[in-house]
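Architecture and fold: a report
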Amino acid sequence: MSPMNPRIPCPMNIITDIAAMQQTASRLRREGKTIGVVPTMGYFHEGHLSLMRRARAECEVVIVTLFVNPAQFAPHEDFASYPRDFERDCQLAEAEGVDILFAPTAEAMYPDGYETFVTVENLTQPLCGASRPGHFRGVTTVVAKLFNITQPHRAYFGLKDYQQCKVIQKMVRDLNFDITIVPCPIVREPDGLAMSSRNAYLSPAERQAALALHRALRHAEQMVKAGERDARVVRDAVQAMIAAEPLAWIDYVEVVDAETLQPVEQIQQNTLVALAVKIGRARLIDNTVIDAVR
Ligand code: PAF
């Protein structure tokens, strides 16, 4: 939005009905407006707000979707206890100048007899896909539905969920969605912990233990900067640093090609160090992209 054309603040519109959202999006498109969407599961933190700000700066209309998507949780996972605070989320989104908050019900998104799913075959196999089978099928399905409902030109996703970004970019390419995916930087607490709604599960001792993730990733960056190129050496060092933290239980630490997500032997350009670690009830993920030839 240019300073010559200041945006007149107006109250955020909350839409829960799918047809109403779709009609509104179609009208906005007919009016020639650029629509940016920020898909979320709510319980907003600075990471979400940074996506909203970016969308606000780049699009004429900003839609935030808020839907805790049951299809991306396995039965034993934290769908029921996932943190929720609708009132607070509405206030935070409105303060960021969001135009529309779209918050459908699970019954409307997945009515009785629902049976259509979107699957990205290969990129979903490693990393989080290996420990959360079916998770990305739930993500791509809901994101495809949200894209069809909100009809965005641009969609904003945080890079903490690196694999999710890649999987959605692939889905958009393969299914010819005319949407630009905008990956946005990880937002961290001042002490380095990547922001996540699941950080709310951490006790003070667990919150302290969770710093091991960021510390280990910084260590990996330092090792590569100092000349180490053997992916196994770097992975083992990261793993050892996290394993030294008694409250941490490692799900995976992987060093992979940042595009294919396949393991690499040598660290070269565009290598992803990704990890998932359980601390108490929280399964935390974090990553860094390392460019050894920089
Ligand atoms: O990253 C998330 O919050 C979710 O996976 C998403 C993209 C909103 C789909 O439910």
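Residues numbered from 1 in each chain as written. Predicted model: local features only at pLDDT ≥ 70, side-chain atom pairs only at ≥ 80, totals over all residues. Heavy atoms only, no water.

Thoughts on the overall build of the protein chain
Operational definition: Helix and strand labels come from DSSP, where a helix needs a run of H or I of at least four residues and a strand needs a run of E of at least two; each type is numbered from the N terminus. Only protein chains enter the area calculation, which uses a 1.4 Å probe; residues under 20% of their type maximum are buried, those over 50% are exposed, and those in between are partly exposed. Pairs of residues are marked as contacts when any of their non-hydrogen atoms sit within 4.5 Å. Positive: Lys, Arg. Negative: Asp, Glu. His and the chain ends are not part of the count. A single reference atom marks each charge: NZ on Lys, CZ on Arg, CG on Asp, CD on Glu.
Regarding its fold elements, the protein chain presents 10 helices and 9 strands. Principal axes of the C-alpha set define a box for the protein chain whose edges measure 55 × 45 × 40 Å. When burial is assessed residue by residue, the protein chain has 51% of its 294 residues classed as buried. Of the contacts made within the protein chain by residues no fewer than 6 positions apart, 72% connect residues no fewer than 24 positions apart. If the 31 positive side-chain charges of the protein chain are averaged to one point and the 35 negative ones to another, these points end up 3 Å apart.

A closer look at helix α10 (residues 231-243)
Put simply, the rule reads: The length a helix should cover is 1.5 Å for every residue beyond the first. Starting at the helix axis, one direction is taken to each C-beta atom, and the arc is that of these directions. Polar contact is the term for a pair of N or O atoms within 3.5 Å; when the atoms are in protein, one must be able to donate a hydrogen and the other to accept it, and sequence-neighboring residues count only if both atoms are side-chain atoms.
With 13 residues, α10 extends 18 Å between its outermost C-alpha atoms, agreeing within 8% with the 18 Å of an ideal straight helix rising 1.5 Å per residue. Along α10, the residues that are buried comprise Ala-231, Val-234, Ala-237, Val-238 and Ile-242. Viewed end-on, α10 has its buried residues packed into an arc of 135°, placing them on one side of the element. For α10, exposure combined with an orientation more than 90 degrees from the buried face picks out Arg-232 and Ala-243. Against the buried residues of α10 lie α9 (211-225), β7 (248-257) and β8 (271-279). With a side-chain oxygen lying 2.9 Å from the backbone nitrogen of Arg-232, the N-terminal cap of α10 falls on Asp-230.

Topic: the site of the ligand
To keep things clear, this is the line we draw: Residues are labelled near a given molecule or strand when at least one of their non-hydrogen atoms is within 4 Å of it. Only the protein chains shown count as cover for residues, and all accessible areas are computed by the Shrake-Rupley method using a 1.4 Å probe. Under the convention adopted here, Pro, Cys and the residues Ala, Val, Leu, Ile, Met, Phe, Trp and Tyr are nonpolar, Asp, Glu, Lys and Arg are charged, and Gly plus all remaining residues are polar.
Around the ligand, the surrounding shell consists of Pro-39, Thr-40, Met-41, Asn-69, Gln-72, Val-142, Phe-157 and Gln-164. Side-chain polar atom of Gln-164 to an oxygen atom of the ligand: 2.7 Å apart, as the coordinates give it. For the ligand, the accessible surface in isolation is 290 Å², of which the surrounding protein chains cover 90%. Taken together, the residues that form the shell around the ligand break down as 4 nonpolar, 4 polar and no charged.

Considering the pairing of β8
Note the following rule: Paired strands, as defined in this entry, are two strands with at least two bridges between them according to DSSP.
The element β8 is largely enclosed, with a buried count of 8 among its 9 residues. As paired strands, β7 and β8 are joined by 9 bridges and run antiparallel to one another. Bridge pairing in β8 places Asp-257 opposite Thr-271. Across 9 bridges, β8 lies against strand β9 (residues 282-290) in antiparallel orientation. Counted as the bridge partner of Lys-278 is Arg-283 from β9. Between the end of β8 and the start of β9, which pair antiparallel, lie 2 residues, with Gly-280 showing a positive phi angle near 60°.

Quick notes on the packing of aromatic side chains
Rules: Two aromatic rings from Phe, Tyr or Trp, using only the six-membered ring of Trp, form a pair when their centres are within 6.5 Å; if the ring planes differ by under 30 degrees the pair is stacked, by over 60 it is edge-to-face, and anything between is tilted.
Across all of its chains, the model carries 7 aromatic pairs by this definition. Ring geometry for Phe-73 against Tyr-82: centres 5.9 Å apart, planes inclined by 75°, an arrangement best described as edge-to-face. Using a relative accessible area of 9% as the deciding quantity, one classes Phe-73 as buried. Taking 5.7 Å as the distance between ring centres and 75° as the angle between the ring planes, the aromatic pair formed by Phe-147 and Phe-177 counts as edge-to-face. Placement of the pair is Phe-147 in helix α6 (residues 135-150) and Phe-177 in the loop between α7 (162-174) and β6 (180-184), with a sequence separation of 30 residues. A relative accessible area of 3% means that Phe-147 is categorised as buried. Phe-177 sits in the buried class, given a relative accessible area of 17%.

Some details on the packing of α9 against α10
Packed helix pairs are characterised by how far apart their axes lie and by the angle those axes make with each other. Rules: Helix axes are fitted only over the stretch in contact, all axes being lines through C-alpha atoms; the angle between N-to-C directions runs from 0 to 180 degrees. Throughout this description, any angle smaller than 35 degrees is read as roughly parallel, any larger than 145 degrees as roughly antiparallel, any in the 65 to 115 degree range as roughly perpendicular, and the remainder as oblique. Crossing handedness: left-handed means the near helix sits turned counterclockwise from the far one by under a right angle, and right-handed means the same turn made clockwise.
Running from amino to carboxyl end, α9 crosses α10 at an angle of 155°, the nearest separation of the two axes being 9 Å. Comparing the axis directions of α9 and α10 gives the class roughly antiparallel. Helix-helix and strand crossings are classified by hand; for α9 and α10 the assignment is right-handed. Here Ala-212, Leu-213, Arg-215, Ala-216, His-219, Ala-220, Met-223 and Val-224 of α9 lie close against α10, whose contacting residues are Val-233, Val-234, Ala-237, Val-238, Met-241 and Ile-242.

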